[in-house]
There are 2 protein chains.
Amino acid sequence: MIPKQQVEKRVADSLEICRRQGVKATHQRTEILRELAGSEEHPDAETILTRVRQRVPTISVDTIYRTLRLLEDSGVIARVGSMRDRARFDANTDRHHHFVCTECEMIGDFYSDAMDQFPVPQEVSEMGSVEGVYVELRGICRKCKQKAMKTEGRTGEKP
Amino acid sequence: MIPKQQVEKRVADSLEICRRQGVKATHQRTEILRELAGSEEHPDAETILTRVRQRVPTISVDTIYRTLRLLEDSGVIARVGSMRDRARFDANTDRHHHFVCTECEMIGDFYSDAMDQFPVPQEVSEMGSVEGVYVELRGICRKCKQKAMKTEGRTGEKP
DNA sequence: TCCTAAATAGTAATTATTACGAATGGAGTT
DNA sequence: AACTCCATTCGTAATAATTACTATTTAGGA
Ligand SMILES: [Mn+2]
Ligand SMILES: [Mn+2]
Ligand SMILES: [Zn+2]
Ligand SMILES: [Zn+2]
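A. Up close: the interface of chain A and chain B. Taken together, the contact between chain A and chain B spans 45 residues of the former and 45 residues of the latter. Taken together, the two surfaces of chain A and chain B that pack against each other cover about 3600 Å², and 61% of this comes from carbon and sulfur. When the buried area of chain A at its contact with chain B is split by residue, Met-83, Arg-84 and Met-127 of chain A rank highest and sum to 21% of it. Scanning the region where chain A abuts chain B turns up 4 salt bridges. Among the salt bridges present, the one from Arg-84 of chain B reaches Asp-73 of chain A, with a minimum N-O distance of 3.1 Å. Counting the contacts that link chain A with chain B gives 20 residue pairs in polar contact (both at pLDDT 80 or more). Sorting the residues of the side of chain A that touches chain B by element identifies helix H4 (61-74), strand E1 (78-80), strand E4 (107-110), helix H5 (113-116), helix H6 (122-125), strand E5 (128-141) and helix H7 (142-151) of chain A as the ones contributing at least two each. Counting residues per element, the side of chain A that touches chain B draws most heavily on E5 of chain A, at 14 residues. Classifying every residue of the side of chain A that touches chain B gives 21 nonpolar, 9 polar and 15 charged.

Next comes the structure, spelled out in structure tokens:
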């Protein structure tokens, strides 16, 4: 659980960045940001819609998707997750990376100075200018591994 | 341009791996693999469909998507690209990473021992077991930067 | 308060991907 | 060769995710 105070700071900071870019701070945008900033699970668009609707019952799908794109373009949220699944979102703008479980799609944060300070290979500098890095470690999470253990034993042969 | 010999080796190797998993080496699968192995541009499903159709005119969308999923699950091709765009595919199974232009979606390969040998943070080991890494450097490619230069000057004010 | 461009709601449309059911094909068998 | 069996494919329909449209509302500045 993220402390309320911290959530509100993140929301305020994000809106301030938006305002500086001439983007209005509407009720809907605020609530979408608040929802994201208060979550550690990197929710998808539909989940955000469902949750924000509890507070803003008339909010539309268009607004959700349009706002998520806007906030992403403004640099206050990020789009994460691998291509096999739907897009997931993240309001944590601290430099960090993700571990993704390929079984249940759980997404967890991790921090790594070594990875952040990674030198861009010359090979890449010749292709263009690098402006961002996306790192994703993929595997099986604790929970899914345990589930696999339990299911074991009753696999394979027929009676 | 990738030498034909090299393309054929990759196709043969991939099919061999599939066969070992009990997956038949059909005409369609062979052609899809050949198309991917011969390309350096990481094409999307539609592009692959169009190109393979020139050689196998009756091939269906279902076969394209089904086969791409199958080959990915078999580990002989990879899905690349960022969430904002459609899925792109890669038959290059050598350990490597990608630079993606956020303007034109060009995807280029790069190699980095340092990145490959990156130690998994303990933070992550506690979340689960890591089985793969996906690294993507994002920015603006040479071509797009030049285009932006040319367009400059005629921006901003009205007459 | 009043004004106006920007933003939203509700819905339709588009795009990418997956599913379905009938037909095909190839490996093994007689 | 004819027959069987089951995986695979084709053609098309369906689904899921995302984006677009337009009448109406609203934020924020004068
Ligand atoms: Mn995160
Ligand atoms: Mn590649
Ligand atoms: Zn899991
Ligand atoms: Zn480019």
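B. Representation of the relation of the copies chain A and chain B in the model. Screw-axis analysis of chain A against chain B gives a translation of 0.0 Å along the axis, an RMSD of 0.1 Å, and a rotation angle of 180 degrees. Viewed as a symmetry operation, the transformation between the two copies matches a two-fold axis. Closest to the rotation axis within chain A is the C-alpha of Val-135 of chain A, separated from it by 2.3 Å. In this assembly, 100% of the residues forming the interface of chain A have copies in chain B that are likewise at the interface, indicating an isologous arrangement.

C. Spatial organisation of the domain arrangement of chain A. All names here are of chain A. Here the domain parsing of chain A yields domain 1 (1-92) and domain 2 (94-159). Using only C-alpha atoms to locate each centre, domain 1 and domain 2 end up separated by 23 Å. Listed by partner, the interface residues are 11 residues for domain 1 and 11 residues for domain 2. Three residues stand out in domain 1 for area buried against domain 2, namely His-42, Ser-82 and Asn-92, and they jointly supply 47% of the buried area on that side. Where domain 1 packs against domain 2, one counts 1 salt bridge. For the salt bridge of Asp-94 with Arg-10, the shortest nitrogen-to-oxygen distance reads 3.1 Å. Our count for the contact surface shared by domain 1 and domain 2 stands at 11 residue pairs in polar contact (both at pLDDT 80 or more). When contributions to the side of domain 1 that touches domain 2 are tallied by element, the ones reaching two or more residues are E1 and strand E2 (88-90). Of the residues in the side of domain 1 that touches domain 2, the class split is 1 nonpolar, 4 polar and 6 charged.

Reading the values: the criteria
- Residues numbered from 1 in each chain as written.
- Chains lettered and ligands numbered in written order.
- Predicted model: local features only at pLDDT ≥ 70, side-chain atom pairs only at ≥ 80, totals over all residues.
- Heavy atoms only, no water.
- Contact = heavy atoms within 4.5 Å.
- Buried area = accessible area lost by both parts, 1.4 Å probe.
- Salt bridge = Lys/Arg side-chain N within 4 Å of Asp/Glu carboxyl O.
- Polar contact = N/O pair within 3.5 Å; in protein donor to acceptor, adjacent residues only side chain to side chain.
- Helix = DSSP H or I, 4+ residues; strand = E, 2+ residues; numbered from the N terminus.
- Nonpolar A, V, L, I, M, F, W, Y, C, P; charged D, E, K, R; others polar.
- Least-squares fit on C-alpha atoms with pLDDT ≥ 70 in both.
- Domains from an automatic or database assignment.

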